[in-house]
Amino acid sequence: MFDRLRESLALRLAVQYALVFALGSALLFTALYWMLAGLLEKREQVAVEHRVAELTAAYSDGGVPALSARVHNDLSPEARSLFVRLISPSNGAVFVAAPPDWIETQVQRVPFPEAGVVAERKLDVVRVPQDALRDYTVASGTLPDGWIVQVGRLTDSRAVLLAPLQRAFSFVGAGALLLSVGIGTLLAWRATRPLRLLSQTATRILEQGDRAARVTGSFDGGELATLVQQFNTLLDRNAAHVQVLRDTLDNLAHDLRTPLTRLRGSAELAMQDVGDPADARAALADCVNESDRLLHLLEALLDISAAEGGALKLQRERVDLRALVERSADLYSEVAQENQVGVFLETPAPVEIDGDPVRLGQVVNNLLDNALKYTPAGGRVTLTVRRDGPTALVTVTDNGPGIPVAERDAVFRRLYRSDASRSQRGLGLGLSLVKAIVEAHTGTVALDGAPGGGARFTVRLPAG
């Protein structure tokens, strides 16, 4: 339990914020304390300086008797709290008046001015400490005939005001620090809840193998909510990739089982001594055909992986899509005649793009081969090339059985073959290769239903 609390991000954040708060509060209190102490000291200095000026004026008017009368006749609390001493040029105390609450030792602690200091400054103000909480504020002024008048006050502002302020800050600061730690921990615990849920989800995936685990819950937005959303999106994409990989491996195993079995059977037949060289050569030829089919399968898979990874090399040049489509139609003319399917071209004008003519030829050939393969006898396949603003369109439309809506996204996956296409010879990579090559040209390929039934593949390529 202690280890969990020590490793808790919320608690560590709260403690750090509390320390920053305590440091900031201490600096603020220190600044306020010294400002207040300075203001009180300034106030005391002004008070004794003002009294020195009053007594200097009285001495100038009537000498010592006038100064003495001014001190004894002024009964205000402010005046009676002041210590007054008249010092002769020989540094002797001629007149002394102390507050009623002073004792003899306090009078003796008031220092005489240093020789020559008052004469130079005319007014000298010093602070003389009495104890840890109180001190004297003494002002010494030079009279016209060289005598010196001293006015002092015993200030206990530290004992009366500043010391209680220190104690109050200590108690209030300690309580505020504890409160800030508690509230900060609660707020940080709530703020870091997405991180804890994310950690718990990652633990379930890593330790329990629960790949369906996701971070659930409602969040108030912000960076952590975005992080959780991106984490869930990443898990969904990884799950989709894993599922595609599983399907690919399943389909690959299914499609490789037959040719490998045929290849093994043909090799065993060729190894048998049947006495007929023609049968052995036929078996070896069958092995070669099956090997070529497997090599074609692997090459197609490598091309798709390279295209999806952005590593497919394209030999770009200026390509006329109309001429490309016409060559494909001419190439598959015999296949179309054998299947009794009509191939029609709608290419009103040349459409030029920058692309790899060999790879784009593979795109058109695969789409046309796919359409001829699934269009029944008497059907038709239409190839259309046209410009649509900044893009070039190549459309292959047939009037065959079409592709169900639920399978239209799946047909572009590697080695995917629907149940209806299992009877047809093929690798299940043609449409995957089409999609990879088109996207390598920064284009798109889409599948929808033809207006009169059947399937329609639309390839969009940048025409720049």
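Residues numbered from 1 in each chain as written. Predicted model: local features only at pLDDT ≥ 70, side-chain atom pairs only at ≥ 80, totals over all residues. Heavy atoms only, no water.

## What to know about the overall build of the protein
- A count of helical and extended segments in the protein gives 13 helices and 12 strands.
- Summarising the internal contacts of the protein: among those between residues at least 6 apart in sequence, 64% fall at separations of at least 24.
- On the protein, roughly 27,000 Å² of surface is accessible, and the fraction owed to carbon and sulfur atoms is 57%. (Helix = DSSP H or I, 4+ residues; strand = E, 2+ residues; numbered from the N terminus. Contact = heavy atoms within 4.5 Å. Areas by Shrake-Rupley, 256 points an atom, 1.4 Å probe, with all protein chains shown as cover.)

## As for the sheet that holds strand S12 (residues 455-462)
- The 5 strands are arranged S7-S9-S10-S12-S11 in an open sheet whose pairing can be described as mixed. Of all strands in the sheet, those bounded by a partner on one side alone are strand S7 (342-346) and strand S11 (444-449). Ignoring strand direction, the axes of neighbouring strands in this sheet form an average angle of 15°.
- Relative to strand S9 (residues 380-388), S7 runs parallel, the two being bridged by 5 bridges. Across the sheet, the residue bridging to leucine 345 is leucine 383, located in S9. (Pairing = 2+ DSSP bridges. Axes fitted to C-alpha atoms, helices over the stretch in contact; angles between N-to-C directions.)

## Brief notes about unusual backbone geometry
- Despite not being glycine, glutamine 340 shows a phi value in the positive range, around 55°.
- Residue placement: glutamine 340 occurs in the loop between helix H11 (333-338) and S7.
- The exposure class assigned to glutamine 340 is exposed, which follows from its relative accessible area of 55%.
- The backbone of threonine 442 shows a phi angle near 55°, a positive value even though the residue is not glycine.
- Classification of threonine 442 as exposed rests on a relative accessible area of 59%. (Buried < 20%, exposed > 50% of the residue type's maximum accessible area, 1.4 Å probe, protein only.)

## Points about the environment of asparagine 91
- For asparagine 91, the position within the fold is in the loop between strand S1 (83-87) and strand S2 (93-97).
- Taking the C-alpha atoms as reference points, asparagine 91 and glutamate 114, 23 residues apart in sequence, are found 9.8 Å from one another.

## Quick word on the confidence of the model for the protein
- Put simply, the protein has an average pLDDT of 78, and 79% of its residues get 70 or more.
- Confidence drops under pLDDT 50 across residues 419-423; counting only partners more than four residues distant or on other chains, this segment forms 5 contacts. (pLDDT = per-residue confidence, 0-100.)

## What about the side chain of histidine 441?
- Relative to the elements of secondary structure, histidine 441 occurs in the loop between helix H13 (430-440) and S11.
- Given the relative accessible area of 3%, histidine 441 is considered buried.

## Quick word on the pattern of salt bridges
- Taken as a whole and judged by the stated rule, the model has 12 salt bridges.
- Salt-bridge contacts for arginine 153 lead to glutamate 44; the nearest nitrogen and oxygen are separated by 3.1 Å. One end of the pair, arginine 153, is in strand S5 (residues 148-155); the other, glutamate 44, is in helix H2 (residues 9-73), and 109 residues separate them in sequence.
- Overlapping salt bridges bring together Arg51, Glu54, Arg70 and Asp74 as one network. (Salt bridge = Lys/Arg side-chain N within 4 Å of Asp/Glu carboxyl O.)

## Let's talk about the packing of aromatic side chains
- All told, the structure shown has 0 aromatic pairs when counted by the stated rule.
- Note that arginine 85 overlies the ring of phenylalanine 112, its terminal NZ or CZ placed 4.0 Å from the centroid.
- One residue, arginine 380, lies across the ring of phenylalanine 344, its end atom 4.0 Å from the ring centre. (Phe/Tyr/Trp six-rings, centres within 6.5 Å; stacked < 30°, edge-to-face > 60°. Lys NZ or Arg CZ within 6 Å of the ring centre and 35° of its normal.)

## Let's talk about the packing of helix H10 (residues 321-331) against helix H12 (residues 357-374)
- Between H10 and H12, the shortest axis-to-axis distance is 10 Å and the interhelical angle comes to 50°. Between H10 and H12, the angle is such that the two are oblique. Helix-helix and strand crossings are classified by hand; for H10 and H12 the assignment is right-handed. Contacts between H10 and H12 involve Leu321, Leu324, Val325, Ser328, Ala329 and Leu331 from the first element and Pro357, Leu360, Gly361, Val364, Asn365 and Leu368 from the second.
- Residue composition of the contact of H10 with H12, by class: 9 nonpolar, 3 polar and no charged. (Parallel < 35°, antiparallel > 145°, perpendicular 65-115°, else oblique. Left-handed = near helix turned anticlockwise from the far one by under 90°. Nonpolar A, V, L, I, M, F, W, Y, C, P; charged D, E, K, R; others polar.)

## A few points about H13
- Within the sequence span of H13, burial applies to Leu431, Ser432, Leu433, Val434, Ala436, Ile437 and Val438.
- In the segment just after H13, threonine 442 is the residue with positive phi, at about 55°.

## Structural notes on the pairing of strand S8 (residues 352-355)
- Of the two faces of S8, only one is covered, namely that formed by Ile353 and Gly355; the face formed by Glu352 and Asp354 stays uncovered.
- When strand S6 (residues 317-320) meets S8, the two strands line up antiparallel, connected through 4 bridges. Counted as the bridge partner of valine 319 is isoleucine 353 from S8.

## Things to note about a nonpolar patch on the surface
- Nonpolar side chains collect at one region of the surface, where Leu28, Leu32 and Met35 lie side by side and expose about 320 Å² of accessible area between them.
- Using a relative accessible area of 53% as the deciding quantity, one classes leucine 28 as exposed. (Patch = residues over 30% accessible without salt bridge, like charges linked within 9 Å, V, L, I, M, F, W, Y side chains within 5 Å.)

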